[in-house]
Amino acid sequence: MAKKKLRSQEWYGRTGKDGFIYRSWMKNQGLPHHLFEGEKPVIGICNTWSELTPCNAHFRDLAEALKRGIWEAGGFPLEFPVMSLGECSIKPTAMLFRNLASMDVEESIRANPMDGVILMCGCDKTTPSLVMGAASVNLPTLVLSGGPMLVGRFKGKKIGTSDIWRFAEDFKLGKLSQEEFIEAEAAMSRSVGHCAPMGTASTMAAMVEALGLALPDNATIPAADSRRKVMAHLAGMRIVEMVKEDLTMDKILTRKAFENSIMVNAAVGGSTNYILHLIAIAKRIGVTLDLADFDEFSSRIPLIANVQPSGEHWVEDLFYAGGLPAVMKEIEKYLHTDAITVNGKTLGENIAKAECWDRNLIGTFENPIKPESGIAVLKGNLCPNGAVLKPSAATPSLLTHTGRAVVFEDIDDYKARVDDPNLDIDETCVMVLKKVGPKGYPGMPEVGNMGLPKKLLEKGVKDMVRISDGRMSGTGFGTVVLHVSPESAIGGPLALVQNGDRIELDVPNRSLNLLISEEEFATRRAAFSPSPLPYDRGYVNLFLDKVNQAHEGVDFDFLQGSSGPEVKRDSH
Ligand code: FES
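Residues numbered from 1 in each chain as written. Predicted model: local features only at pLDDT ≥ 70, side-chain atom pairs only at ≥ 80, totals over all residues. Heavy atoms only, no water.

J.: I would appreciate a short explanation of the pattern of salt bridges in the present structure.
T.: Pairing is possible between side chains that carry opposite charge, provided their charged atoms lie close to one another. Throughout the structure, instances matching the rule amount to 34 salt bridges. Its salt-bridge partner being glutamate 106, residue arginine 110 comes within 2.8 Å of it at the nearest N-O pair. With arginine 110 and glutamate 106 both in helix H4 (residues 98-111), this residue pair falls 4 residues apart, about one helical turn. An identical accessibility class is assigned to arginine 110 and glutamate 106; each is buried. If you follow the salt bridges from partner to partner, you end up with Glu106, Glu107, Arg110, Arg284 and Asp555 in one network. (Salt bridge = Lys/Arg side-chain N within 4 Å of Asp/Glu carboxyl O. Helix = DSSP H or I, 4+ residues; strand = E, 2+ residues; numbered from the N terminus. Buried < 20%, exposed > 50% of the residue type's maximum accessible area, 1.4 Å probe, protein only.)

Right under this line is the structure:
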């Protein structure tokens, strides 16, 4: 069989003026001519290193390990930066820029001479933005995650991101001083890597491993562990082979791979943000996936990994107990074990020898950590296009609950009134927060697990039913209904809820309803008019114009699908 010409030769293999231009400036980096002759696949290293994304701040070092592997396997590595989204710093929310970053990634890959790509992902949005962008090009692509940070320690206890919410409540109640609060900051983030619990970053790392886009153990090897660099080296070697095998993303990202990923996400108690990102990725690669699939495929899977926020421990501990392969082994009978993965083996082959070393960390299917996990997808007159709830992070007794609505019209209203001693609220009420959806905020921030009123915290109340069209941090917890669609800012039924209305949440029957008459609904709808959003230029204007709703993945309508790797016009 004739050897397929490398894509990069469309640039470097040219003769005359074009070839001169494509090669000459590259040579100012000290690159010898033979690298351009077409024998070595050019591997783009798509790097989200940034000092403003501290979870990815070790990526320069990791890229060096990748390059060693690429050189060893006969490839030609070329590293390039893309927009990096640091969850903890970006205002108003990193989610506002996920699609922008994905456009950067897509166009950077397509426009440049590369035959395969490594995506260096870590902090929450850096994984979906890179995978979405790369999927719309569809070259051989392998994801390398940066790994979780080592678990923090404070006052003799292990701590991680999920503790921030507890610390904040203790601080509010005066149980923690300002000095202790600052001490806890340094104690929590004591090593390189992304958040230590199964928050969105680790959920995303598990997602790519379960999809088959990353090597086994990608999700759990700690960032500070030398084996993370070994994985980078091996990933560098493997991507060169993937180019030779023409193992493009669409051959890995099949419907079976997505179903596997949903089941694995349930087994690890992954973040609700996962839903938005997986739907967006599926739409880029052309796989049909909707909200109902999350309920269907996750409802059969119990919580296997005993990792925060759904469980007790940390992703670092999960690695020592056997990692994601050992978790997948427990639900093997449900997985599509014939799904192909980036190492050229099937998922079944990858987990064949997986073993659990600690049953405190990894339960069995018959004796799980919790019987219920996954994602509950709710429907009803409050959320005609769906809403979601994570049962493993909720209080079981609140999963069936009817209560009086206490409504906050937007985030400012919430902040102004939540701790007002005169707020008419008790623990049986249902807190409703409006205008935090994709367009309403804009960017759908992680405020859905809004803090409880101080006067109820003082009474010892730990959880209440909370409903919004926003998101929740992957490290958050509580009986929190999220992603209500359509959102309130565009006139979704959530906009019509008034103080004192009764709301019925019935998770076992997957329903969420506002208990008012049809006539009253119609009257309120007729009186509703959306408030204008205060953005009239720039990227945010594009976002408001083109973003779709939560049940569709919050992607831009014009980014769905793929344009493939072909470049239709030359530069010279
Ligand atoms: Fe980056 Fe949590 S802030 S992963």
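There's plenty left to go through after this.
J.: What is the right way to read the nonpolar core from this model?
T.: The nonpolar side chains of a soluble globular protein tend to be buried, and buried together. Ile109, Leu119, Phe258 and Phe294 are the most contacted members of the largest nonpolar core, which totals 113 residues. If near-sequence neighbours (up to four positions away) are discounted, phenylalanine 258 is found in contact with Leu211, Leu253, Leu278, Ile281, Ala282, Ile285, Val287 and Leu289. Judged by nonpolar contacts, the second largest core, of 27 residues, contains Val430, Val497, Ile503 and Val507. (Core = buried A, V, L, I, M, F, W, Y, C linked by side-chain atoms within 4.5 Å. Contact = heavy atoms within 4.5 Å.)

J.: Honestly, the side chain of serine 84 in this entry has me stumped. Any pointers?
T.: Structurally, serine 84 is set in the loop between strand E2 (76-81) and H4. A polar atom in the side chain of serine 84 sits 2.8 Å from the side chain of threonine 53. Excluding its chain neighbours within four sequence positions, the residues that come into contact with serine 84 are Thr48, Trp49, Ser50, Thr53, Asn56, Ile90 and Thr126. (Polar contact = N/O pair within 3.5 Å; in protein donor to acceptor, adjacent residues only side chain to side chain.)

J.: Whenever I open this one, the pairing of strand E10 (residues 430-433) confuses me. Can you help?
T.: Within a regular strand, the side chains alternate between the two sheet faces. Side chains Val430 and Val432 of E10 all project onto a buried face; the interleaved residues Met431 and Leu433 project onto the opposite face, where all are buried too. Bridging between strand E9 (residues 400-408) and E10 involves 4 bridges; their strand directions are parallel. Residue pairing for E10: phenylalanine 408 is matched across the bridge by leucine 433. Two strands pair when backbone bridges link them, and E10 and strand E11 (residues 465-468) are joined in this way by 4 bridges, in the parallel orientation. Within E11, the position partnered with valine 430 by the bridge is valine 465. (Pairing = 2+ DSSP bridges.)

J.: Please clarify how the sheet that holds strand E1 (residues 42-47) should be interpreted in this entry.
T.: By way of backbone hydrogen bonds, the strands of a sheet pair with one another, either parallel or antiparallel. The 4 strands are arranged E2-E1-E3-E4 in an open sheet whose pairing can be described as parallel. Only two strands of the sheet have a single neighbouring strand rather than two, namely E2 and strand E4 (141-145). Going across the sheet, the axis of each strand differs from the next one's by a mean of 20°, ignoring polarity. Relative to E4, strand E3 (residues 116-121) runs parallel, the two being bridged by 5 bridges. Each residue of the ladder has a partner; that of valine 117, found in E4, is threonine 141. Set on the sheet, helix H3 (residues 59-72) makes contact with E1, E2, E3 and E4; between it and E1 the angle comes to about 170°. Contacts between helix H5 (residues 126-135) and the sheet are confined to E1, E3 and E4, with E3 contributing the most and set at about 165° to the helix. (Axes fitted to C-alpha atoms, helices over the stretch in contact; angles between N-to-C directions.)

J.: What is the right way to read the packing of H5 against helix H8 (residues 200-211) from this model?
T.: The description of two packed helices rests on the angle between their axes and on the distance between the axes. It is the contact of H5 with H8, at a shortest axis distance of 9 Å, that shows an interaxial angle of 35°. Contacts between H5 and H8 involve Thr127, Pro128 and Val131 from the first element and Met204, Met207 and Val208 from the second. Within the contact of H5 with H8, the residues separate by chemical class into 5 nonpolar, 1 polar and no charged. (Nonpolar A, V, L, I, M, F, W, Y, C, P; charged D, E, K, R; others polar.)

J.: How do you make sense of the environment of arginine 524 when you look at a structure like this?
T.: The topology assignment puts arginine 524 in helix H19 (residues 518-527). Ignoring sequence-local partners within four residues, the contact set of arginine 524 consists of Leu496, Val497, Gln498, Asp501, Leu514 and Ile516.

J.: Which parts of the structure should I look at to understand the packing of aromatic side chains?
T.: Under the defined criterion, the tally for this structure stands at 14 aromatic pairs. With a centroid separation of 4.6 Å and an interplanar angle of 15°, the aromatic rings of phenylalanine 171 and phenylalanine 181 are classed as stacked. Residue phenylalanine 171 is located in helix H6 (residues 163-172), and its partner phenylalanine 181 is located in helix H7 (residues 178-188); the two are separated by 10 residues in the primary sequence. The exposure class of phenylalanine 171 is partly exposed, given its relative accessible area of 33%. (Phe/Tyr/Trp six-rings, centres within 6.5 Å; stacked < 30°, edge-to-face > 60°.)

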